[in-house]
Structure formats: C-alpha cells, structure tokens
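Each chain, written out:
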Amino acid sequence: MLLDPPLPEVAFVGRSNVGKSSLLNALVGRRIAKISGTPGKTRALNVFLIPGLGNRQAPAPNPEPLTPLYFLDLPGYGYARAGKAQRTAFRALVKYALQRERLKGVVWLLDIRHPPSSDDRAMQDVFVEGETHVLAALTKGDKLSTGPRRTREHELREELELPEDQVVVTSAKTGAGIVELRDAIGELVKGE
Ligand code: GDP
C-alpha cells in the first residue's frame, strides 16, 4: 500500500476494547475513528492522514511547523471469538505494518487496570523482534484514583521493562495525558 504523499507513519495497536478508537479521537481532537460497541469489529487496517500534531511548547513568534503524518489503525487483537484464520491474518497485517519503510513507531495501548495478557506479551515479542520503537499508552486512567493509578503505572513499567518516557497514562474521557502522548508521538516522528 503506497500512501501519497509519503509521510511518516505511526501505528496504533492494542487489545480490542482497550479504548483505541476513543484515544484516536481524543488525540486528533475530532471524530476520525468510529467508536465501536462490539469488540473486534474493525478488521482491516484503517489509515488516517493527520494534518499535524503541533507543538504546544514552541514559542509564539517561531512555532515549529506542524508535522503531517499517517496514523495506521490496526485491528484490535485478543478477540475471544477470533478464529485461527483471523489470527493468522492479523499477524500478517502487523508484520506488514511494522516493516513499512516510513513507520516511525507504534503506540501500544494497554488498559491501565489489567496485567498484560498473553496476547499483549506476544505483541511485545513482535515489537522486540522488529526493533520497533514503542510508546505505551495506558488507557482509561480515569477508572483509577490518583494513588492506584500511579502504582499501576509503575507496576506496568516494570512488567514491560519500559523506561518512563515511553509510558504515558491517558484518558480519552477526561483528556488526561493526551497532550503528553501527542508530544511523545511528535518526538517519535522526529527521531530516526
Ligand atoms: P476499541 O475497541 O479499542 O477501539 O475501544 P473503544 O474506544 O471503542 O472503547 C471501548 C470501551 O471503553 C467503550 O465503552 C468506551 O466508552 C470505553 N472507554 C474508552 N476509553 C475510555 C476512557 O479513557 N475512560 C473510560 N472510563 N472509558 C473509556
């Protein structure tokens, strides 16, 4: 799949129902992805052209130019009713997305409340194997109060062996962490 114009790409991946559609909408600031009530409904790779993520830290007279990019929205995994053929197709799709020449990295979504599932672990193995840059977005942060939220963030960082700057707690509901995630994606896109 050749995307025209050629721009940096960032893929979004996570278990179905993790809150991916909601987070995509929150990141872009308008509804770009359909919010599905049925887990695992989206099966194909959706691509969104993002005109620019902006940079809130840029001083007013010389703001950094907006970086246009593509968001590649992969189908949710870990869908209980997924058959063998579906799983195989999903693996092929992930492999294809991760090998794309302009892919800068992946936003990997994990529900802050839950320990990583075996599917999450398998996904992480794929990232390691592909030497993919990963930003972990811990979703639904609003479901926990401040103390437990910090504890879970810390625990997940340890469990996943990810450094602090690669883990962002988010909430599509309250908007918490959205600006931070946007900035982190901006850095990912800038980096080599
Ligand atoms: P997807 O299947 O990964 O695309 O997940 P959705 O975005 O469709 O969300 C799945 C469910 O989680 C829906 O009922 C959402 O309303 C809910 N949800 C998503 N994000 C949040 C969040 O930040 N906070 C809360 N409380 N619920 C959320």
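Look up a bit, the structure's there.
In this numbering scheme, every chain counts its residues from 1 along its sequence in written order. Where local features are concerned, this predicted model is filtered to residues with pLDDT of at least 70; where side-chain atom pairs are given and counted, the filter is 80 or more; whole-chain, interface and lining totals use all residues. The basis for every side-chain value is the complete set of heavy atoms in the structure, and neither hydrogens nor water enter the calculation.

Draft legend 1. The site of the ligand, seen in detail. Lining the immediate environment of the ligand, one finds 14 residues, of which Lys20, Ser21, Ser22, Asp142 and Ala172 sit closest. Side-chain atoms alone can form a polar contact between residues adjacent in sequence; in general such a contact is a pair of N or O atoms within 3.5 Å, and within protein one must be able to donate a hydrogen while the other accepts it. In this structure, an oxygen atom belonging to the ligand sits 2.9 Å away from a main-chain N or O atom of Asn17. When isolated, the ligand has an accessible area of 580 Å², and the protein chains bury 77% of it. Under the scheme applied, nonpolar residues are Ala, Val, Leu, Ile, Met, Phe, Trp, Tyr, Cys and Pro; charged residues are Asp, Glu, Lys and Arg; polar residues are all the others, including Gly. Residues belonging to the shell around the ligand are distributed by class as follows: 3 nonpolar, 6 polar and 5 charged. Near is defined per residue: the residue qualifies when any heavy atom it owns lies within 4 Å of the molecule or strand. The method behind every accessible area is Shrake-Rupley, applied with a 1.4 Å probe, and residues are considered shielded solely by the protein chains displayed.

Draft legend 2. Just the sheet that holds strand β1 (residues 9–14), in detail. Spatially, 6 strands are ordered β2-β3-β1-β4-β5-β6 in an open sheet, and the strand pairing comes out mixed. Strands at the two margins of the open sheet, each flanked by one partner only, are β2 (46–50) and β6 (167–169). When the angles between neighbouring strand axes are averaged without regard to direction, this sheet yields 25°. Pairing between strands is defined by DSSP: at least two bridges between them are needed. Each helix is a run of DSSP H or I of at least 4 residues and each strand a run of E of at least 2, with the numbering of both proceeding from the N terminus. Bridging between β2 and strand β3 (residues 69–73) involves 5 bridges; their strand directions are antiparallel. In the sheet register, Ile50 faces β3, and the bridge partner there is Leu69. Contact criterion: two residues are considered in contact whenever any of their non-hydrogen atoms come within 4.5 Å of each other. The axes used here are C-alpha line fits, helices contributing only the stretch in contact, and every angle between their N-to-C directions lies in the interval 0 to 180 degrees. Here helix α3 (residues 118–129) sits on the sheet in contact with β1, β4 (103–111) and β5 (134–139), set at roughly 165° to β4.

Draft legend 3. Layout of the side chain of Thr139. Mapped onto the elements, Thr139 comes out in strand β5. Taking the relative accessible area as the measure of exposure, Thr139 reaches 2% and is therefore buried. Aside from chain neighbours lying at most four places away, what touches Thr139 is Val18, Leu109, Leu110, Asp111, Ile112 and Thr170. Type-normalised accessible area, obtained with a 1.4 Å probe on protein chains alone, sets the label of each residue: buried when under 20%, exposed when over 50%, and partly exposed for intermediate values.

Note that all results are geometric; they support no functional claim without further evidence.
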